[in-house]
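As a plain string of letters, each chain reads:
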Amino acid sequence: TLLYTIKFEKVWSVVTMSKEGSKAGESGCSKKDLLVFLGFLLLTEGGGVLIGFFTASQFTPGGWYDSLAKPSWNPPGWIFGPTWTTLYAFMALSAFFIWKKVRFSQCWPWTLFFIQLALNFAWPIIFFIAHELAFAFLECSLLTFFILFTLIVFIKLDKQAGLLLVPYLAWVSFATFLTYTIWKLNPESDTLFCQYGGRLDCQGHSPEL
């Protein structure tokens, strides 16, 4: 599949080659290169693990997410962990390749990268913790746009960096449609706002005083 078209061995060989500042015929990964790559990996994978920790309770049998009506094509729960682990690794590699190309000398690619990453980390909070299905759909749509924008900017700087974001874009596009479908199937789903002091309950009636 598209998600695994880039072989790990080939990608890692690029990571461990010092394209700049190495002697002719000499390859290897400098300590700085390795630290930068590990920094990006810690940022993406670490953030994903942290978000997963706070949202894990929503996946328990009988929990909020389990109680939602879902389409027949909703992916099984076990697929999300491996998928996001792979996508976060690709994201870290993509950022590393851009760093190898321009360092932090250009503001625009890094602004886009960190905006989409912030939106990525925000979506599970909106969906799984706040239970705001409509807002989660709008936020995921915005995330899709920023991933596409980031991909376009990255691919102009480094083709491989841009291609690494293609599976990410495909998955989030699917997730956006899935979020929309779940929202439409659950119009009366309880939200965090409704549960804690909203003026209207989730059915649109004034709460009892």
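Attention here is on the structure that accompanies the text.

Calculation rules
Residues numbered from 1 in each chain as written. Predicted model: local features only at pLDDT ≥ 70, side-chain atom pairs only at ≥ 80, totals over all residues. Heavy atoms only, no water. Helix = DSSP H or I, 4+ residues; strand = E, 2+ residues; numbered from the N terminus. Buried < 20%, exposed > 50% of the residue type's maximum accessible area, 1.4 Å probe, protein only. Contact = heavy atoms within 4.5 Å. Areas by Shrake-Rupley, 256 points an atom, 1.4 Å probe, with all protein chains shown as cover. Patch = residues over 30% accessible without salt bridge, like charges linked within 9 Å, V, L, I, M, F, W, Y side chains within 5 Å. Salt bridge = Lys/Arg side-chain N within 4 Å of Asp/Glu carboxyl O. Core = buried A, V, L, I, M, F, W, Y, C linked by side-chain atoms within 4.5 Å. Phe/Tyr/Trp six-rings, centres within 6.5 Å; stacked < 30°, edge-to-face > 60°. Lys NZ or Arg CZ within 6 Å of the ring centre and 35° of its normal. Axes fitted to C-alpha atoms, helices over the stretch in contact; angles between N-to-C directions. Parallel < 35°, antiparallel > 145°, perpendicular 65-115°, else oblique. Left-handed = near helix turned anticlockwise from the far one by under 90°.

Description of the overall build of the protein chain
In step 1: Per the secondary structure count, the protein chain includes nine helices and zero strands.
In step 2: Element order for the protein chain, N to C, with α for helix and β for strand: α-α-α-α-α-α-α-α-α.
In step 3: Within the protein chain, the proportion of its 209 residues that are buried is 43%.
In step 4: Put simply, 74% of the contacts in the protein chain that link residues at least 6 apart link residues at least 24 apart.
In step 5: Here the protein chain displays about 11800 Å² of accessible surface, and carbon together with sulfur accounts for 68% of that area.

Considering unusual backbone geometry
In step 1: The backbone of Arg103 shows a phi angle near 55 degrees, a positive value even though the residue is not glycine.
In step 2: Secondary-structure assignment places Arg103 in the loop between helix 4 (80-102) and helix 5 (107-129).
In step 3: Overall, the relative accessible area of 29% leaves Arg103 in the partly exposed class.

Some remarks on a nonpolar patch on the surface
In step 1: Side chains of Leu50, Phe53, Phe54, Ile125 and Ile129 sit close together on the surface and give an oily, nonpolar patch of about 500 Å² of accessible area.
In step 2: Listing elements by their share of the nonpolar patch, those giving two or more residues are helix 2 (31-55) and helix 5.
In step 3: Ranked by residue count, the leading element in the nonpolar patch is helix 2, at three residues.
In step 4: Structurally, Ile129 is set in helix 5.

Details of the environment of Pro109
In step 1: With respect to the helices, strands and loops of the structure, Pro109 is situated in helix 5.
In step 2: Along the primary structure Pro109 and Ala95 are separated by 14 residues, whereas in three dimensions their C-alpha atoms are 9.3 Å apart.
In step 3: Setting aside anything within four residues of it in sequence, one finds Pro109 in contact with Val153, Phe154 and Leu157.

Digging into the nonpolar core
In step 1: The biggest cluster of nonpolar side chains holds 48 residues, and the ones touching the most others in it are Phe40, Trp110, Phe127 and Tyr168.
In step 2: Breaking this core down by element, the ones donating at least two residues are helix 2, helix 3 (64-67), helix 4, helix 5, helix 6 (133-157) and helix 8 (166-185).
In step 3: With twelve residues, the single largest contributor to this core is helix 4.

Re the packing of aromatic side chains
Between two aromatic rings, the relevant description is the distance of the centres plus the angle of the planes.
In step 1: Across all of its chains, the model carries 30 aromatic pairs by this definition.
In step 2: Both rings, one in Trp84 and one in Tyr168, keep their centres 6.1 Å apart while their planes meet at 75 degrees; by these two values the pair is edge-to-face. Pair noted here: Trp84 is in helix 4 and Tyr168 is in helix 8, with a separation of 84 residues, a long-range link.
In step 3: Three or more aromatic residues joined by ring pairs make a cluster, and in this case those are Phe40, Phe104, Trp110, Phe113, Phe114 and Phe154.
In step 4: Positioned over the ring face of Tyr65 is Lys70, at 4.5 Å from the centre of the ring.
In step 5: Positioned above the aromatic ring of Trp99, the side-chain terminus of Arg103 is 4.0 Å from the ring centre.

A closer look at the packing of helix 6 against helix 8
In step 1: In contact at an axis separation of 9 Å, helix 6 and helix 8 are set at 165 degrees when each is read in the N-to-C sense. On the basis of their axis angle, the class for helix 6 and helix 8 is roughly antiparallel. When you trace helix 6 past helix 8, the crossing you get is left-handed. In this structure, helix 6 contributes Leu133, Ala134, Ala136, Phe137, Cys140, Ser141, Leu143, Thr144, Ile147, Leu148 and Leu151 to the contact, and helix 8 contributes Val166, Tyr168, Leu169, Val172, Ser173, Ala175, Thr176, Thr179, Tyr180, Ile182 and Trp183.

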